[in-house]
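# Remarks on the overall topology
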Amino acid sequence: MADSSWLETFPQMSRADLTNIRKTLDGVYLSFSREYGEAIESFFDPLLQFLVWFEKLLITTPWWLVLMVCATLVYLASRSWTLVIGTLVSLLLVGYFGMWEDTMRTMSIITVCTILAITLGIPIGIFMGRSNRAQAIITPLLDVMQTLPAFVYLIPVVMLLGIGKIPGVIAVVIYGIPPVIRLTNLGIRLVDKEVLEAATAYGASETQRLLGVQIPLAMPTIMAGINQTIMMALSMVVIASMIGVKGLGQPVLKSITNQYFTLGLLNGLAIVALAIIFDRVSQAYAKRTQAHLQGLKHD
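Computed from a predicted model, the values in this text were never measured in an experiment. (Residues numbered from 1 in each chain as written. Predicted model: local features only at pLDDT ≥ 70, side-chain atom pairs only at ≥ 80, totals over all residues. Heavy atoms only, no water.)

## Focus: the nonpolar core
F44, I110, L161, V169, I226, L234 and M236 are the most contacted members of the largest nonpolar core, which totals 70 residues. Excluding residues within four positions of it along the chain, V169 makes contact with L47, L51, I109, C113 and L116. Membership of the second largest hydrophobic core comes to six residues, among which are A71, V74, A77 and V84. (Core = buried A, V, L, I, M, F, W, Y, C linked by side-chain atoms within 4.5 Å. Buried < 20%, exposed > 50% of the residue type's maximum accessible area, 1.4 Å probe, protein only. Contact = heavy atoms within 4.5 Å.)

Laid out in structure tokens, this is it:
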């Protein structure tokens, strides 16, 4: 009678072979980190210096001046006094409960991560929108980036760069960049071909069509991607605190390990307040952009 054990037990690689594969891959990555770790750290030094400077700027600037700047930016983006008042009240409450410095640290890293994600993501999304081959190659990578557990991002980054701000920034950007890439690609592809043909008929070059037609018409969709990127970056704040990123995430992590309910609740609500502010302001700006474009179409 033939051996039927494989019907009951799933056939799998031997433990010795699996261990050898793991050791080989770990050894390759460790060798890479030893060989190029310092070079990669020096490459990110300017970013670290900017991040440290920006964080110190927000912390050392008088609170009332920070509130004035925030209120001005919110009004310029949204033209809504309701949003301005809501932002001021939220930030005043955050400061009143003793979370001002941590909030400024979180705002600094979220701002830097969002700028990086936009700077890298929009060109990649445009490239995808103009090339089917690029879309076929990049889309599976975005699928992996969006479905891979957030903690997994921390492992290679910490092994390569250690614990600190830069590993946290890299992890947050990798986690948050897929939406802006996807929605930029979608926005570029949704631009009406007849509009592009009309621009070409008027003698517009490829660059002029991109900058003058495609990007402006795709801007509401791109803004939705930026909005989602900001939300995902904020959701990564607590996890990034595990590798030394200071801000609102560290008290939350401390409250989990020490079971401080109120500490975790207050800092969690501060993160929610920041998320709502960023969300409402970016949405209001996107709506204003869309209304402006619709007005131009009617004209």
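Once the structure has been displayed, the description carries forward.
## Some words on the environment of V89
Position of V89 among the secondary structure elements: in helix α5 (residues 81-96). Residue classification places V89 among the partly exposed positions, given a relative accessible area of 43%. (Helix = DSSP H or I, 4+ residues; strand = E, 2+ residues; numbered from the N terminus.)

## Notes on α5
Given a rise of 1.5 Å per residue, 16 residues ought to cover 22 Å, and the 22 Å separating the end C-alpha atoms of α5 matches this to within 8%. For α5, the complete set of buried residues consists of V84, T87, L91 and V94. Viewed along the axis of α5, the buried residues span an arc of 100°, placing them on a single side of the element. Along α5, exposed side chains directed more than 90 degrees from the buried face belong to W81, T82, I85 and Y96. Within two residues after α5, G98 carries a phi angle of roughly 80°, on the positive side. (Expected span 1.5 Å × (residues − 1). Arc of directions from axis to C-beta.)

## Considerations on a nonpolar patch on the surface
A cluster of nonpolar side chains, namely W63, W64, L65, M68, V69, L73, L76 and L92, defines an oily patch on the protein surface of about 810 Å² accessible area. The leading source of residues in the nonpolar patch is helix α4 (residues 63-78), at seven residues. Checked against the element boundaries, L76 lands in helix α4. For L76, a relative accessible area of 46% corresponds to the partly exposed category. (Patch = residues over 30% accessible without salt bridge, like charges linked within 9 Å, V, L, I, M, F, W, Y side chains within 5 Å. Areas by Shrake-Rupley, 256 points an atom, 1.4 Å probe, with all protein chains shown as cover. Salt bridge = Lys/Arg side-chain N within 4 Å of Asp/Glu carboxyl O.)

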